[in-house]
Amino acid sequence: DAGVIQSPRHEVTEMGQEVTLRCKPISGHNSLFWYRQTMMRGLELLIYFNNNVPIDDSGMPEDRFSAKMPNASFSTLKIQPSEPRDSAVYFCASNPTGPKNIQYFGAGTRLSVL
Amino acid sequence: KNEVEQSPQNLTAQEGEFITINCSYSVGISALHWLQQHPGGGIVSLFMLSSGKKKHGRLIATINIQEKHSSLHITASHPRDSAVYICAVRSLGADGLTFGKGTHLIIQP
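First things first, this report covers the structure right here in the doc. These numbers were taken from a predicted model, which means no experiment stands behind them.

**Section: the overall build of chain B**
Regarding its fold elements, chain B presents zero helices and eleven strands. Going from N to C terminus, chain B has its helices and strands arranged as β-β-β-β-β-β-β-β-β-β-β. In summary, chain B has a C-alpha radius of gyration of 13 Å against a globular reference of 13 Å for 109 residues, a match within 12%. Projected onto its principal axes, the C-alpha positions of chain B cover 45 × 25 × 20 Å. Buried residues in chain B amount to 49% of all 109 residues. Sequence separation of 24 or more characterises 55% of the internal contacts of chain B that already satisfy a separation of 6 or more.

**Quick look at the side chain of R64 of chain A**
All names here are of chain A. With respect to the element layout, R64 can be found in the loop between β6 (53–56) and β7 (65–71). The exposure class of R64 is buried, given its relative accessible area of 9%. For R64, the side chain forms a polar contact with the main-chain oxygen of P81, separated by 2.8 Å. Excluding residues within four positions of it along the chain, R64 makes contact with K78, I79, Q80, P81, S82, E83, R85 and D86.

**Here's the deal with the side chain of S91 of chain B**
By the element assignment, S91 of chain B lies in strand β9 (residues 83–91). If near-sequence neighbours (up to four positions away) are discounted, S91 of chain B is found in contact with N2, V27, G28, I29 and S30 of chain B.

**Considering the state of the cysteines**
All names here are of chain A. What the rule picks out here adds up to two disulfides over all chains. Across a sulfur-sulfur distance of 1.9 Å, C23 and C92 are joined as a disulfide pair. For the disulfide bridge between C23 and C92, the dihedral angle about the S-S bond is near -70 degrees, and by the sign convention the bridge is left-handed. You can see C23 sitting in strand β3 (residues 19–24) and its partner C92 sitting in strand β9 (residues 88–95), a full 69 residues away along the chain.

**Section: the interface of chain A and chain B**
In this complex, chain A contributes 20 residues to the contact, which on the side of chain B involves 18 residues. Buried area between chain A and chain B, summed over both chains or domains, comes out near 1,600 Å², and the portion from carbon and sulfur atoms is 58%. Linking chain A with chain B are zero salt bridges. Linking chain A with chain B are two residue pairs in polar contact (both at pLDDT 80 or more), by the criterion used here. Taken together, the elements giving at least two residues each to the side of chain A that touches chain B come down to β4 (31–38), β5 (42–50) and β9 of chain A. Among the elements that line the side of chain A that touches chain B, the one with the most residues is β5 of chain A, at six residues. In terms of residue class, the side of chain A that touches chain B is built from ten nonpolar, seven polar and three charged.

**What to know about unusual backbone geometry**
Between S7 of chain A and P8 of chain A the backbone carries a cis peptide bond, its omega angle lying at -10 degrees. Following S7 of chain B, the chain continues into P8 of chain B via a peptide bond in cis, with omega recorded as -10 degrees. As for its position among the elements, P8 of chain B is in the loop between β1 (4–7) and β2 (10–14). Notably, N51 of chain A is not glycine yet its phi reads approximately 50 degrees, a positive angle. Turning to its location among the elements, N51 of chain A is positioned in the loop between β5 and β6.

**Quick look at the packing of aromatic side chains**
Within the structure shown, the criterion is met by five aromatic pairs over all chains. Ring plane angle 10 degrees and centroid distance 6.0 Å describe the contact between F33 of chain A and Y35 of chain A, whose orientation is recorded as stacked. Judged by relative accessible area, which is 0%, Y35 of chain A ranks as buried. One aromatic cluster is present, formed by F33, Y35, Y48, F91 and F105 of chain A together with F99 of chain B through successive ring pairs.

Thresholds applied
Residues numbered from 1 in each chain as written. Chains lettered and ligands numbered in written order. Predicted model: local features only at pLDDT ≥ 70, side-chain atom pairs only at ≥ 80, totals over all residues. Heavy atoms only, no water. Helix = DSSP H or I, 4+ residues; strand = E, 2+ residues; numbered from the N terminus. Rg over C-alpha atoms; globule rule 2.2 N^0.38 Å. Buried < 20%, exposed > 50% of the residue type's maximum accessible area, 1.4 Å probe, protein only. Contact = heavy atoms within 4.5 Å. Polar contact = N/O pair within 3.5 Å; in protein donor to acceptor, adjacent residues only side chain to side chain. Disulfide = S-S within 2.5 Å. Buried area = accessible area lost by both parts, 1.4 Å probe. Salt bridge = Lys/Arg side-chain N within 4 Å of Asp/Glu carboxyl O. Nonpolar A, V, L, I, M, F, W, Y, C, P; charged D, E, K, R; others polar. Phe/Tyr/Trp six-rings, centres within 6.5 Å; stacked < 30°, edge-to-face > 60°.

The following block contains the structure:
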């Protein structure tokens, strides 16, 4: 299996622009997570899905952020409009449903908002 | 919300030394993960623990559920062990992980 696939790997955009990050989880994994990593706050959970349904989005910083999972093999995280403080590395991870399962992380998308 | 504390934040050691990284958390968990993040940025899961002890090569992870504490040990450390080690917990009733700030480990030859 190719693992969790994220695209793009790097994104540079200007303030106010819309940004869409993409994630393909490992086939057969029922749970998908979006995390954000910054120097100041470390890694933080933004939102996670079980069986394509958003379960907990309490980590989403504000209404500018939205996430969707239209099917079991694809998820997007959208920021509209983007701001410089959104600059971070965004990770997607997946695992089979259940607390005793290891999470597999994608390589991350490094976002820079100028 | 679970508070996850790691120590030390930074650690520099000589090749061959025995390394210990500590993690404590504030509320009950279903599992604790140790992750490794290399300078390239990728994150790899090293261990998942819910009790006792696990060993993989030169890495050993232990957890004490009563004391809400876990340790990651590296025996015979090597420069290739240089990375950020992150402790993460899955709180009871939750699926997402809560992370410590990480320990930046440098092993000098």
